[in-house]
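What the coordinates show
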Number of protein chains: 2
Amino acid sequence: MIENAIFKALGDPTRRAIFEKLAGGAMNASALREGMAISQPAMSQHLSVLREARLVREERQGRFVNYEVDPEGLAHIARWLRKYRDYWPARVAALKDVLEDMDE
Amino acid sequence: MIENAIFKALGDPTRRAIFEKLAGGAMNASALREGMAISQPAMSQHLSVLREARLVREERQGRFVNYEVDPEGLAHIARWLRKYRDYWPARVAALKDVLEDMDE
DNA sequence: CCAATACATAAGCATGAACTTATGTGAATG
DNA sequence: CATTCACATAAGTTCATGCTTATGTATTGG
């Protein structure tokens, strides 16, 4: 049940901050730490949680590990959200039709 | 930071099941328990968490309390998701334009 | 009113999650 | 090829979370 991993991962404000930072552009773990008052192991653990939720993916580049947003996690949230489109407020109702076209 | 409450609330599978059940139609806490192997206090506590996340809202009706999906929580998720639309997979890309029309 | 019903709250306990310090691993650099 | 650098993993601690049993509160029917 990937939704569990996804929502749990996003339930932590530090991890959401990390994710948001990565959404601004891929970077390695050290760069992510800059200005974030977080220890190196803590960052590594957070990235591990985000990776298992498929919100983030890694790519080793020499002795750096580059992290970037993984669309898979976001797609899962979109699919979960779609299930409850009947309850979306009117302002967002226009989304309905488009969401219905989403295959898979 | 309501996102914290929302994602934490959805990080529990029992609460997602409760939410899904309510999405099928409003009902009271006793009706929600049916077929769910969950104690009455546990249900009450879960509903409290969902309510504080604005995923669910209540309305007292006599000695029953009717629960229903609160669109506010879902709207928050949609707004959060919109921030990362650049990373959505191509299949969902059509959503972009519509989401951009979402005011607020 | 008084008992029963529907639900909320309190308190305690067991597990999990997020941090810490310490150490391991894999790659480049001198 | 040994040291340094970037990161991961291990182990321990503290606090949060989800459950339990027990009790409180609001509403209604007899």
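For the structure itself, look to the data block above.
Summary of the structure given here. (Residues numbered from 1 in each chain as written. Chains lettered and ligands numbered in written order. Predicted model: local features only at pLDDT ≥ 70, side-chain atom pairs only at ≥ 80, totals over all residues. Heavy atoms only, no water.)

Structural notes on the packing of aromatic side chains
As a reminder of what qualifies: Working definition: rings of Phe, Tyr and Trp (its six-membered ring) pair if their centres are within 6.5 Å, and the pair is stacked with planes under 30 degrees apart, edge-to-face with planes over 60 apart, and tilted otherwise. A run of H or I in DSSP counts as a helix once it spans at least four residues, and a run of E counts as a strand once it spans at least two, with each numbered from the N terminus. Exposure is judged per residue with a 1.4 Å probe applied to protein chains only, and the accessible area is read against the type maximum: over 50% gives exposed, under 20% gives buried, and values in between give partly exposed.
For the coordinates displayed, the defined rule picks out 9 aromatic pairs over all chains. Both rings, one in Phe19 of chain A and one in Trp80 of chain B, keep their centres 5.8 Å apart while their planes meet at 25 degrees; by these two values the pair is stacked. Here Trp80 of chain B lies in helix α5 (residues 71-82) and Phe19 of chain A lies in helix α2 (residues 13-23), a pairing that spans two chains. Accessibility assignment for this pair places Phe19 of chain A and Trp80 of chain B in one class, buried. Where Phe7 of chain B meets Trp80 of chain B, the ring centres are 5.2 Å apart and the plane angle is 75 degrees; that geometry is what we call edge-to-face. Taken together, the positions of Phe7 of chain B in helix α1 (residues 2-10) and Trp80 of chain B in helix α5 put the pair 73 residues apart, joining distant regions of the chain. For Trp80 of chain B, a relative accessible area of 3% corresponds to the buried category.

Remarks on the protein's contact with DNA strand C
Keep this limit in mind: For this description, a residue counts as near a given molecule or strand if any of its non-hydrogen atoms is within 4 Å of it. Counted as a polar contact is a pair of N or O atoms within 3.5 Å, where, for protein atoms, one must be capable of donating a hydrogen and the other of accepting one, and residues adjacent in sequence contribute only when both atoms are in side chains. Three categories are distinguished: nonpolar for Ala, Val, Leu, Ile, Met, Phe, Trp, Tyr, Cys and Pro, charged for Asp, Glu, Lys and Arg, and polar for the others, with Gly belonging to the last.
Around DNA strand C sit 24 residues, and of these His46 of chain A together with Ser30, Gln40, Ser44 and Tyr67 of chain B come closest. When the atoms of DNA strand C within 4 Å of the protein are sorted by group, sugar and phosphate make up 62%. Note that a base oxygen of DNA strand C is positioned 3.1 Å from one of the side-chain N or O atoms of Gln45 of chain A. Within the side chain of Ser44 of chain B, a nitrogen or oxygen atom sits 2.7 Å from a phosphate oxygen of DNA strand C. Only α2 and α4 (40-52) of chain A together with α3 (29-33), α4 (40-52) and β3 (64-69) of chain B provide two or more residues apiece to the surface near DNA strand C. Residue composition of the surface near DNA strand C, grouped by class: 7 nonpolar, 10 polar and 7 charged.

Some points on the pattern of salt bridges
Formally: Salt-bridge detection follows one rule: a side-chain nitrogen of Lys or Arg within 4 Å of a carboxyl oxygen of Asp or Glu.
Evaluation of the coordinates by the stated rule reveals 12 salt bridges over all chains. With a shortest N-O distance of 2.9 Å, Glu68 of chain A and Arg57 of chain A are connected by a salt bridge. With Glu68 of chain A in strand β3 (residues 64-69) and Arg57 of chain A in strand β2 (residues 56-61), the pair connects residues that are 11 residues apart, well separated along the chain. Judged by relative accessible area, which is 38%, Arg57 of chain A ranks as partly exposed. With its nearest N and O atoms 2.9 Å apart, the salt bridge here joins Glu58 of chain B to Arg51 of chain B. With relative accessibility at 42%, the residue Glu58 of chain B sits in the partly exposed group.

With respect to the environment of Val56 of chain B
Residues and elements named next belong to chain B. Quick reminder of the rule: Here, two residues are considered to be in contact whenever any of their heavy atoms come within 4.5 Å of each other.
Inspection of the secondary structure puts Val56 in strand β2 (residues 56-61). The class for Val56 is buried, based on a relative accessible area of 1%. Note: C-alpha distance between Val56 and Leu22 (34 residues apart in sequence) is 8.4 Å. Setting aside its immediate chain neighbours within four residues, Val56 contacts Phe19, Leu22, Leu50, Arg51, Tyr67, Glu68, Val69 and Asp70.

Some remarks on the environment of Leu10 of chain A
By the secondary structure assignment, Leu10 of chain A is in helix α1 (residues 2-10). For the pair Leu10 of chain A and Asn28 of chain A, spaced 18 residues apart in sequence, the C-alpha separation works out to 20 Å.

Comments concerning the protein's contact with DNA strand D
Inspection of the region around DNA strand D gives 24 residues, with Ser30, Ser44 and Tyr67 of chain A together with Lys8 and His46 of chain B positioned closest. Residue Gln40 of chain A places a side-chain N or O atom 2.8 Å away from a base nitrogen belonging to DNA strand D. Take Val65 of chain A: an N or O atom from its main chain is 3.3 Å from a phosphate oxygen of DNA strand D. Those elements that provide at least two residues to the surface near DNA strand D are α3 (29-33), α4 and β3 of chain A together with α2 (13-23) and α4 of chain B. In terms of residue class, the surface near DNA strand D is made up of 7 nonpolar, 10 polar and 7 charged.

Brief notes about the side chain of Asn4 of chain A
Among the structural elements, Asn4 of chain A can be located in helix α1. In this structure Asn4 of chain A comes out as buried when scored by relative accessible area, which is 16%. Setting aside residues up to four positions removed in sequence, Asn4 of chain A forms contacts with Gly11, Asp12, Pro13 and Arg16 of chain B.

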